[in-house]
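# Descriptive structure summary
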Amino acid sequence: MPRSRLLSSARRVAQILLVTLGCLFAASAVSSAQSPSVLVMRIDGTITPVVADHLEEGLRTAERDGHEALLVEMDTPGGLLQSTREIVQDVLASEVPVIVYVTPSGARAASAGAYIALSSHVAAMAPGTHIGAGTPVTGQGEEASEKIVNDAVAFAVSIAEQRGRSTDFARDMVRDGKSVSDQEALRNNVVDVVAPSRDALLTELDGHHVMVGPQDAQREVVLRTAGAQVVEHELGFFGELRQLLASPELAYLFLSIGTLALIFELANPGMGFAGVIGAILLVLGFVALSVLPFNVGGLLLLALAAALFVAEVFTPGVGVFAAGGTVCLLFAGVLMFRGELGVDPAVLWPTALVVGGGSVLAGRLAWRARKAPTTTGHEAMLGREAVVRRAGDGTGQVLLEGAWWTVHGRDTEVAEGQHVRVVGHDGLELIVEPAEPAPGQGTDQEDKP
């Protein structure tokens, strides 16, 4: 075979290989672009503003990245009603289907979680879970007033009506605290699906029709979730930290104990350990306040309490300032948070009393420290005795506390070998007067402690 024909055949083979590889890459890209995906986030624990922000971010991410749906896996005992309202409003207006899945077995969607599940486009439960008990309570765990309960009933019923779910259950879960299991919820049109796992749920929902978007501009969407790629939407370290600190009791404790630590640092300045701990606790307390809805009046009372405690440290007496600070601290805990939030009395009273008593103790320690004799500098040398080692030109040198000091006599000049006592100081020089050595004390001794 001629050389030219061999080269021509090799070129054809190379071209065929390149075209084939290009087709394979293009098919892979198209397949990847067309592969459905679902964004998954987890809600565990109390519903707080941190959770509301996290879910809102998840909705934005799901819409921006073109996910088929946002799957919210939930296990919650409830939470703040205001945060729940924000979440429900976001879900009802979402352009992306929201699937709420109460999982794993033994989990619950109680109180705030039940409202969120009712508002979802698809509500699902794992076997062995339950939903309901949506009666509002105060921050101290007591049932809210009839006015608040009626408002919550109307809120729950309106959600159920918009999603075509049982309004009887919505009413009973708020007014009577009704809670039902997964199978009863399925029979009573509270949820749409009971599925044993995430994969089973996504497979069962494939082809399901839902209406998304605001009420006045809704559109129908067909879910394509079978075999969908799962993308996790994590809360992250700082989100977890903010969620952990989203507690009125922790915020109150951090601010109160942090203030007490700084007061002790003022009363006994030294290594700064108490000051560092106090500063850290105050920062954590303000981080908690940034998460929770608070009243400015409560913060002002807290600042006034701190000022009174500091006054107790600098002007200790019968504890009037400490008593006033304790009262301010109590009222600060009562008035600091808005809505159904509040500091548990089991935390409020002991904390205020401990901080008040601590300020009294700090004041006594500061007073004792101010009355104690000086142990450093020139004042610490008063009354000390030593032997003049070198003398000349009216001054001499003595060794005291491991250091050489220049001395001069108050009335007469000092002489080498003379035994003297410190009676004052003039700048950096000590003023001395003659002293008789104690019996048995010779002139060779360097100083007398």
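The paragraphs below set out a description of the structure included in this document. (Residues numbered from 1 in each chain as written. Predicted model: local features only at pLDDT ≥ 70, side-chain atom pairs only at ≥ 80, totals over all residues. Heavy atoms only, no water.)

### Notes on the sheet that holds strand 3 (residues 98–102)
Sheets are built from strands that pair by backbone hydrogen bonding, the pairs being arranged parallel or antiparallel. Across the sheet, which stays open at both edges, the six strands sit in the order 8-5-3-2-1-11 with parallel pairing between neighbours. The sheet is open, and its two borders are formed by strand 8 (193–194) and strand 11 (229–232), each paired with just one other strand. For strand 3 and strand 5 (residues 122–125), the ladder comprises four bridges, and the chain directions are parallel. Opposite Ile99, over in strand 5, you have Val122 as the bridge partner. Most of the contacts of helix 2 (residues 49–64) go to strand 1 (residues 37–44), to which it runs at about 180 degrees, and overall it touches strand 1, strand 2 (69–75) and strand 3. (Pairing = 2+ DSSP bridges. Helix = DSSP H or I, 4+ residues; strand = E, 2+ residues; numbered from the N terminus. Contact = heavy atoms within 4.5 Å. Axes fitted to C-alpha atoms, helices over the stretch in contact; angles between N-to-C directions.)

### Some thoughts on the pairing of strand 16 (residues 419–426)
As paired elements, strand 12 (residues 385–387) and strand 16 share three bridges and run antiparallel to each other. Residue Ala386 lies in a different strand from strand 16, and its bridge partner there is Val420. Taken together, the six bridges between strand 16 and strand 17 (residues 429–434) define a ladder with antiparallel strand orientation. Directly across from His425, in strand 17, lies its bridge partner Leu430. Two successive antiparallel strands, strand 16 and strand 17, enclose a turn made up of two residues, where Gly427 displays a positive phi of approximately 70 degrees.

### Observations concerning unusual backbone geometry
Following Thr103, the chain continues to Pro104 via a peptide bond in cis, the omega torsion being 5 degrees. In this structure, Pro104 sits in the loop between strand 3 and strand 4 (108–110). With a phi angle near 55 degrees, Ala133 is a residue other than glycine that sits in the positive phi range. Mapped onto the secondary structure, Ala133 falls in the loop between strand 6 (130–132) and helix 5 (146–163). On the basis of relative accessibility, which here comes to 32%, the residue Ala133 falls in the partly exposed class. Here Asn189, not a glycine, exhibits a phi torsion of approximately 60 degrees, which is positive. (Buried < 20%, exposed > 50% of the residue type's maximum accessible area, 1.4 Å probe, protein only.)

### Brief notes about the sheet that holds strand 6
Pairing is mixed across the open sheet formed by three strands, whose spatial order is 4-6-7. Of all the strands in the sheet, the pair left with one neighbour each is strand 4 and strand 7 (179–181). Going across the sheet, the axis of each strand differs from the next one's by a mean of 15 degrees, ignoring polarity. Contacts from helix 4 (residues 112–119) reach strand 4 and strand 6 within the one sheet, and its direction differs from that of strand 4 by about 100 degrees.

### Quick look at the pattern of salt bridges
All chains considered together, the criterion is met by 15 salt bridges. When the shortest N-O distance is used, the salt bridge between Arg85 and Asp151 registers 2.4 Å. Here Arg85 is found in helix 3 (residues 81–92), whereas its partner Asp151 is found in helix 5, with 66 residues between them in sequence. The partner of Arg219 in a salt bridge is Glu95, and the shortest N-O contact between them spans 3.4 Å. Taken together, the residues span a long stretch of sequence, with Arg219 in strand 10 (residues 219–222) and Glu95 in the loop between helix 3 and strand 3 at a distance of 124 residues. Members of the salt-bridge network, linked through shared partners, are Arg42, Asp44, Glu73, Arg198 and Glu232. (Salt bridge = Lys/Arg side-chain N within 4 Å of Asp/Glu carboxyl O.)

### Overview of the environment of Val174
Tracing the sequence through the fold places Val174 in helix 6 (residues 167–175). Val174 gets classed as buried once you look at its relative accessible area, which sits at 0%. When the C-alpha positions of Val174 and Ala156 are compared, they lie 7.7 Å apart, and in sequence the two are 18 residues distant. Beyond its immediate chain neighbours, meaning those up to four positions away, Val174 contacts Tyr115, Gly134, Thr135, Pro136, Val149, Ala152, Val153 and Ala156.

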